[in-house]
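Each chain, letter by letter, is given below.
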Amino acid sequence: MGKFERGIPAVLNISNPNVQPESQSHRLRLLMSSTTRLPGLVGLVLPLAYWEECGSCWAWENEEIFEKENKNSLSKETLLKIQQHLSIHHLYGKSPSKLPDIDLKLPTLLGKNIAEHFEKIAEKQCGSYRNKLLDLTSHCIPDIPQVWNFAPGWTRYNQNGEMDLVDFPEEDAYVFDVEVCVKDGNLPTLATAVSKNYWYSWCSNQLFTDNKVQSSILKNMESIYELKDLINLESKTEQDRLPLKDQKERIVIGHNVSYDRSRIKEQYFIEGTKVRFFDTMALHIAISGITSFQRNMLHAAKSGTTIDRSLKNPQYWNGKSRKTEENLEWQNVSSFNGLNDVYKLYCGGLGLDKEKRNIFVTGSLTDIKDDFQQLVTYCARDCQATYRILCVLLPEFQKRFPHPVTLAGMLEMSTSYLPVNRNWQRYLQESEDTYRDSENELTQSLKREADRASHMMTDKSYEKDPWLWDLDWSTKPLKVKKTSVPKKKKSAAVIPSLNNGESENQTNKEDNDDVILEIQKLKCQFQELFNTKELLFKRNSFLPGYPNWYSSLCDRLQDGLIGPTEVSTSAQVVPKLLKLTWDGYPLFYSRELGWGYLVPGRPLNLSRIDEDVCEIPFPLKDALALFPPRPADQSVLTKGIITAEEAMLKLRQMTDLTADPVDLAMQWQATRSSLNNDADPANLHPAIDKSKEKHTYLTSDRPAWHVGIGPYDVGVVGCWFFRLPHKSGVDNNVGNPLAKDYLNKIEDGTLKATSSSIAEHILKLNRNIIYWRNARDRIMSQMVVWLRQSQIPRNVTKSEHFDPLNTYGAILPQIVTSGTLTRRAVESTWLTASNAYKDRIGSELKAMIQCPPGFNFVGADVDSQELWIASIIGDSFFAGQHGSTAFGWMTLQGKKSDGTDMHSRTAAAVEITRDQAKILNYGRIYGAGERFARTLLMQFNHRLTEKEASEKARKMYSLTKGNSLLKLSHYGRQLASASGNKDELVTLEQLSEMRKNARKEPSLKQIANLPTDELVERRMWAGGTESHMFNKLEEIAQSESPQTPVLHCRISRALEPRNVGNEFMTSRVNWVVQSSAVDYLHLMIVAMRYLVDVYKIEGRFSISIHDEVRYIIKEEDKFRAALALQVANLWTRCMFSYQMNLNDLPQAVAFFSSVDIDTVLRKESNMDCQTPSNPYGLKQGYGIDFGCSYDIYQILEKAGGSLDSKTKNCSKESPVN
């Protein structure tokens, strides 16, 4: 029933296949076959089957999954088309990889094929929850009560006005909202709920006790939250556990409901419950979500400002087309994500009154008690609004997302759970301590650099410093009163007493004390100096005699006595104090262009003098001595190019006598005229108007020995100015060269500190603290709830690894299950968490999520998920076979070792690293254009000019995406036919020529004058490795109702063609791939949930981060869970293939390359996670061993080849090398 075949090239000269399907059994056996034959082909030297030659290598044909036997028959024309396409891209005839046989017993499907199977298992998982939602929305909810009961716990309100104290809401479905007193911490303060029958309110015990609010900055680290402080939804307040027999399927609805879920008691139980959460905000985003650009447009419309619409996608046609009215209909079918905005969109009216919300944000518990009735009513109105939104969105959700897997996947993802223990508190403390120590050391080091620089005042050496010359070195004078000529005193000077108030008699008694006499003599000696105190004004200049730039770094409240206190790496003066260089040239800040660097060597007659730059002239002589022009391979002088030889000649002529700018200018002019007589300075440097845009600062001359973003003329005589690259493109100014975006440039030596060894140490310290500084607030605000031993399951407390002295708890990540319009999950901390780096404090964050004793994390990374999805879309469109396109071939069979994978080919084509090529490839698959590639290429190699980067981007897109062609419409084909052109696809130039010729014919003149978009049906791509894939993606994106090809999920209303026309094409193409990847995730976790339930594998879903998925599994079941994960992935890939009419599956993508079994959450199971805050690593510092990775063959061995629990799993682990 299931069969994998491995291909070996052979001569095909027999008309019938000799490989027969296996007998009907549920065992999947991978069999070798030396040859196979395709009907109707004689004498062709081809592989076992064409896709096997192309690298699919093993094809799985399963009659049950694919419903019918796949004969793999291809027409001669199709086979030749594939051969020709692969030959063009030098991929035809490559030898396939050989993989070992696999013997696997697959679970029986519930339907007659894989599609029916998924529909049935998803319906089984979500059907009852959906029915409860439909039942709730089919009834009207009661009116909001007039009076609320001020009592701890739950109160139920009957429609007749009576109130009852209840343990918790005994309802199948209800809308729920929680309010928190922010000043008092993370614990819930009030809550309301409404079902079809009753209203409910809940009050925290905090409102009935006097608790002092912690004011410490580390209050979240010090706070101890327990289950008794949370809202109980399924058990009594005093109940520590929830037996399985007492669990009931319920669904809780809320707007951003993950926030409310994190305040619910039973959700912190390790074993989980049957309650699921349904988020109306996630529904809104999936149905009417907007792009970031659309969000900016809504903000602009709301505030009355304008926005640069050129940032949208370029014109759909690569040429002139008629102007059309901008389609803004999408603004009527979308909104921001807040409850008030969503309510106004779907329910109309003036919106909700949110004024009372401020009391929860800024008020105290006392304020909440004083306004209790109004605040509970405010909370109830939010519930009421959420219910009304649900009534509108639920039918729309069912229509736009018809497959039950989507709902089942979202419900499963709403149960995310991250276990922790006391190591979490240790991690917070050690990260914070290390951060504080490093930050203090950084501040002190910066102070020393500032002090060292300020001493240059004494000899004015700053005037010769290429970094410090333009700082504000002016000083403020010491203000003193005018002094009068003192009159000579007749009496002898009185020696001041040591202690005020003592008489001379007392002093004379101690004349024998030599120490006191010495002090008195010193006081007499300096009395005149002491008296000058009277000449000072009470309010004097701040730090007189110090340069103004130094004074600005000091604290006025402390009179600057402790030196610079306001100095940090974000201060504008710091790059100058550290004497930072970029590519060996000094950094310089321009008000108009941001941070960049100066390249000395420009002829003075070409430089404009900007009086606003600095009163002190730039130390050109010193700069040229430090940064001399570098030799360049320039055999012929070019107009406007200043060669290294020319600059070096000038440098040799420079002496102390010629350091005057006027003399230098004369010498430069003489040198230039002798070397390049035809270079007219007036032409090389046009006059600059400061009122013009940034590009007016560009110069027409440039150095031959350096390329970069520029050059510009910023008024620094004798220098070109080049801008630092910005991550958002060359048109953006860099505000801080020490920001995290430039860490890699510090690591590779492009950005260096040259002032002293301390400066290099400062860069290292800044690199260490930057992650924790940016993430600490999010990490330390995580709500951790700790469990008492009675609240921990017995299989944890009975584990041999259980430590009664340890503490165990959990974090519930506040995930929005559909947080973007592509339906990707969103969460601010865990879904964006960095992997551990040796130079980043606190970056071991994920490894602090640690399983309770007796459990393991079982998970895997989906290999090249989006690339494979995009490739089979192209394969299906091109020839209906896996690996038929060059893109599909490279995805299935490409090897890093021989440079045939797509990342290696892209890297070789544009001369970048493979990792950089990976970023470019994914960006292109997501719909990014050449502009994006150009920007990235200039970031990867800042020495590239914009022209060079554009040429490389064009070359890369020509090789991959291909060249743009136009598919003719009915009218266009008439023109082509008249011109003798039978091709349906033409270039823009060909179309122009056809129109030109047609205008000469009276019968065709009217058609020729039609607008381009009426002559052309759509744009197409040709000649690239990915052309067929992009043609299909754009076909989907431009269809009347774009939907994913597998689960048929529709695009957001805000991007539907009827609401945006031809705009936002990049976002729409991106949506097809990314939303299909969400389908993939939903399919996989639904399949995994089914297998866990059917085979009684004890465990639960933990989290999905990008392409990673992790489960918390009981130790005895870990290998069965690993095998279940492999089967879930196999089913998911088969579902994708089936839905795209590809009735087999290459083994190269059938299974995860490895499944990780570990006790902590980390990217790779062999990572020790050494960081500055964890210098000894997990193994030595925390006593945590490495995890293990297992491929499919090892998993089958460990699990006994079956998911059946009767198989005894081996406890010894042997990781994949």
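The rules behind each value
Residues numbered from 1 in each chain as written. Predicted model: local features only at pLDDT ≥ 70, side-chain atom pairs only at ≥ 80, totals over all residues. Heavy atoms only, no water. UniProt positions renumbered as here; feature names shortened; annotations may be inferred. Helix = DSSP H or I, 4+ residues; strand = E, 2+ residues; numbered from the N terminus. Buried < 20%, exposed > 50% of the residue type's maximum accessible area, 1.4 Å probe, protein only. Areas by Shrake-Rupley, 256 points an atom, 1.4 Å probe, with all protein chains shown as cover. Pairing = 2+ DSSP bridges. 1 Å grid on protein atoms, 1.4 Å probe; cavity = no way out; pocket = protein on both sides within 12 Å on 5 of 7 lines; lining within 4 Å. Points joined across faces, edges and corners; volume = space filled by probe spheres on them. Nonpolar A, V, L, I, M, F, W, Y, C, P; charged D, E, K, R; others polar. Domains from an automatic or database assignment. Contact = heavy atoms within 4.5 Å. Axes fitted to C-alpha atoms, helices over the stretch in contact; angles between N-to-C directions.

Looking at an unreviewed UniProt entry, one finds the protein chain named DNA polymerase subunit gamma-1, with Daphnia pulex as its source organism. Turning to the protein chain, the UniProt annotation filed under Cofactor (unreviewed entry) states: "Mg(2+)". Regarding the protein chain, the UniProt comment filed under Sequence similarities (unreviewed entry) reads as follows: "Belongs to the DNA polymerase type-A family."

Below, the discussion takes up the overall build of the protein chain. When helices and strands are counted, the protein chain shows 42 helices and 34 strands. A total of 1217 residues make up the protein chain; the buried ones form 55% of that total. When the accessible surface of the protein chain is split by element, carbon and sulfur atoms take 49% of a total near 54300 Å².

The next subject is the pairing of strand 31 (residues 1108-1114). In terms of residue burial, strand 31 counts as a mostly covered element, since six of its seven residues are buried. Bridge count for strand 26 (residues 855-861) against strand 31 is seven bridges, and the pairing is antiparallel. Across the sheet, residue V858 finds its bridge partner in strand 31, namely Y1111. Inspection of the sheet shows strand 30 (residues 1099-1105) paired to strand 31 by six bridges, in the antiparallel sense.

Another aspect to go through is empty space enclosed by the protein. According to the stated counting rule, one finds ten cavities of 30 Å³ or more in the structure shown. What lines the largest cavity is a set of 15 residues, and nearest its centre among them are V257, F277, S414, I815 and T817. Mapped by element, the contributors of at least two residues to the lining of the largest cavity are helix 6 (257-261), strand 14 (275-279) and helix 13 (404-413). Residues of the lining of the largest cavity, tallied by class, amount to nine nonpolar, four polar and two charged. Taken domain by domain, the lining of the largest cavity gets at least three of its residues from each of domain 1 (142-299 + 329-400) and domain 2 (784-796 + 807-865 + 1079-1207).

With that settled, the discussion passes to the environment of I121. Tracing the backbone through its elements, the reader meets I121 in helix 4 (residues 114-137). Given the relative accessible area of 0%, I121 is considered buried. With 969 residues separating them along the chain, I121 and Y1090 place their C-alpha atoms 6.6 Å apart. Sequence-distant contacts of I121, defined by excluding residues within four places in its chain, comprise L110, V1086, A1087 and Y1090.

Bringing the sheet that holds strand 24 (residues 784-787) into the picture now. In sheet architecture, strand pairing relies on hydrogen bonds along the backbone and comes in two forms, parallel and antiparallel. Read across the sheet, four strands follow the order 12-24-25-15 without closing on themselves; strand pairing throughout is mixed. Looking at the sheet topology across the chains shown, the edges are occupied by strand 12 (225-226) and strand 15 (418-421). As paired strands, strand 15 and strand 25 (residues 808-811) are joined by four bridges and run antiparallel to one another. Bridging across to strand 25, P419 finds its partner in A810. In the packing of helix 14 (residues 423-454) onto the sheet, the strands contacted are strand 15, strand 24 and strand 25, and the crossing angle to strand 15 comes to about 75°.

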